[in-house]
Amino acid sequence: MSGALVFDLDGTLVDSAPDLHAAANRMLADVGAMPLTLQRLTSFIGHGIPNLVRLVMEDRGIPASRSAEMNAAMLTHYTASPATLTRPYGHVPETLAALKAGGYRLGVCTNKLRAPSISILEALDLLRFFDVVIGGDSLPEKKPDPAPLQAAFAALAAPRLLYIGDSEVDAETARRADVPFALYAHGYRKTPAEELPHLFVFEDFLSLPGRIDAMKADMPS
Ligand SMILES: O=C(O)COP(=O)(O)O
Ligand SMILES: [Mg+2]
């Protein structure tokens, strides 16, 4: 057994911002509000959909009293098409295949709701690589609480090697769970990489198996 690796979803395995953006703009159109740019919407990703809706509403000056209605609209629009524009980042499928073939047990730990997470992984033919998917609603706690990441590793029942993510939330979750963290450089983070605790930063998924092998070689046996 080579050990367990857990991945974040949004901004790490997949570029999901275009579908979140489309759903948010449909929600805004429902109430006659102007759309947001993709860049602005992307800056709101990381703490799950209720937080994203709150930030969109603040940005557009929509009163908090409408939050239940807006959240319901966002969920309806997003779950209707969670994987229309969403794509895996470069070399993700072949890297997951190589890691799986190398004997690693793989999991996902995301703040996205579990149902659309599964839909996305299925639509992009990635679900087959994972032995566990923990979503933002799988437990009472969400990242950066360490509980969801701990639950993912517990389900994998193999030595915990690494959490791979793109954001401030992921770095903090890994730190609190006491798991080494690898930072994917091209996700949705707002903070410079050097300000986030990490074991290594990587630019391309193709480099990941080699980095993990090197990390294992450095570990006390
Ligand atoms: O849904 C979000 O806001 C963040 O999702 P992630 O945890 O997969 O990055
Ligand atoms: Mg992420």
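Quick caveat: nothing in here was measured; it's all calculated off a predicted structure.

Draft legend 1. Structural context of the overall build of the protein chain. When you go through the protein chain residue by residue, the secondary structure sums to nine helices and eight strands. If you line up the protein chain on its principal axes, its C-alpha atoms span 60 × 35 × 30 Å. Expressed as a percentage of the 221 residues in the protein chain, the buried residues total 51%. Long-range pairs, those at least 24 residues apart, make up 66% of the contacts in the protein chain between residues at least 6 apart in sequence. Carbon and sulfur atoms make up 54% of the accessible area of the protein chain, which amounts to about 9,600 Å² in all.

Draft legend 2. Examining the site of ligand 1 more closely. Close to ligand 1 lie Asp 8, Leu 9, Asp 10, Ile 45, Gly 46, His 47, Gly 48, Thr 110, Asn 111, Lys 112 and Lys 143. Leu 9 is positioned such that a nitrogen or oxygen atom in its backbone is 3.4 Å from an oxygen atom of ligand 1. At 2.8 Å from an oxygen atom of ligand 1 is found a main-chain nitrogen or oxygen belonging to Gly 48. Taking 280 Å² as the accessible area of ligand 1 by itself, protein coverage stands at 96%. In the shell around ligand 1, the residues fall into two nonpolar, five polar and four charged. Mapping the shell around ligand 1 onto the domain boundaries places at least three of its residues in each of domain 1 (4-15 + 86-218) and domain 2 (17-80).

Draft legend 3. Up close: the packing of aromatic side chains. Evaluated as defined, the whole model comprises seven aromatic pairs. Between Phe 7 and Phe 130 the ring centres are 6.3 Å apart and the planes differ by 75°, which places this aromatic pair in the edge-to-face class. Residue Phe 7 is found in strand S1 (residues 4-7), and its partner Phe 130 is found in the loop between helix H6 (114-123) and strand S5 (132-134); the two are separated by 123 residues along the sequence. Phe 130 carries the same exposure label as Phe 7, and that label is buried.

Draft legend 4. Spatial organisation of the pairing of strand S7 (residues 181-184). Of the two faces of S7, the one carrying Phe 181 and Leu 183 and the one carrying Ala 182 and Tyr 184 are both buried. Pairing between strand S6 (residues 160-165) and S7: three bridges, direction parallel. Following the sheet pairing, Gly 165 is matched in S7 by Leu 183. Remark: the S6/helix H8 (residues 168-177)/S7 crossover connection has right-handed handedness. Inspection of the sheet shows S7 paired to strand S8 (residues 200-202) by three bridges, in the parallel sense. Directly across from Ala 182, in S8, lies its bridge partner Phe 200.

Draft legend 5. Fine view of the UniProt feature "binding site: Mg(2+)" (unreviewed entry) in the protein chain. The sites that UniProt annotates as "binding site: Mg(2+)" (unreviewed entry) are Asp 8, Asp 10 and Asp 166. A compact arrangement is adopted by the annotated residues: their sequence extent is 159 residues, whereas the largest C-alpha distance between any two is 8.1 Å. Following the sequence through the fold, Asp 8 ends up in the loop between S1 and strand S2 (14-15). Those residues in contact with Asp 8 that lie beyond four places of it in its chain are Leu 13, Cys 109, Thr 110, Lys 143, Tyr 163, Ile 164, Gly 165, Asp 166 and Asp 170. A polar atom in the side chain of Asp 8 sits 2.8 Å from the side chain of Lys 143. For Asp 10, a relative accessible area of 11% corresponds to the buried category.

Draft legend 6. A look at the coordination of the magnesium ion (ligand 2). Protein coordination of the magnesium ion (ligand 2) is provided by Asp 8 (OD), Asp 10 (O) and Asp 166 (OD), with donor distances spanning 2.1 to 2.2 Å. Read in sequence order, the donor residues coordinating the magnesium ion (ligand 2) give the pattern D-x1-D-x155-D. Of this pair, Asp 10 sits in the loop between S1 and S2 while Asp 166 is found in the loop between S6 and H8, placing the two residues 156 residues apart along the sequence. What makes Asp 166 buried here is its relative accessible area of 3%.

Draft legend 7. A look at H8. Listing the buried residues of H8 in full gives Val 169, Asp 170, Ala 171, Thr 173, Ala 174 and Ala 177. At its buried positions, H8 is contacted by helix H7 (147-156), S6 and S7.

Draft legend 8. Looking closely at the pairing of S6. The buried count for S6 comes to five of six residues, which makes it a mostly enclosed element. Sheet analysis places S1 next to S6, joined by four bridges and oriented parallel. Residue pairing in the sheet places Phe 7 in a bridge with Ile 164 of S6.

Conventions we followed
- Residues numbered from 1 in each chain as written.
- Chains lettered and ligands numbered in written order.
- Predicted model: local features only at pLDDT ≥ 70, side-chain atom pairs only at ≥ 80, totals over all residues.
- Heavy atoms only, no water.
- Helix = DSSP H or I, 4+ residues; strand = E, 2+ residues; numbered from the N terminus.
- Buried < 20%, exposed > 50% of the residue type's maximum accessible area, 1.4 Å probe, protein only.
- Contact = heavy atoms within 4.5 Å.
- Areas by Shrake-Rupley, 256 points an atom, 1.4 Å probe, with all protein chains shown as cover.
- Near = heavy atom within 4 Å.
- Polar contact = N/O pair within 3.5 Å; in protein donor to acceptor, adjacent residues only side chain to side chain.
- Nonpolar A, V, L, I, M, F, W, Y, C, P; charged D, E, K, R; others polar.
- Domains from an automatic or database assignment.
- Phe/Tyr/Trp six-rings, centres within 6.5 Å; stacked < 30°, edge-to-face > 60°.
- Pairing = 2+ DSSP bridges.
- Right-handed = clockwise from strand over helix to strand, strands pointing away.
- UniProt positions renumbered as here; feature names shortened; annotations may be inferred.
- Donors = N, O, S within 2.8 Å, 3.2 Å for Na, K, Ca; no water.

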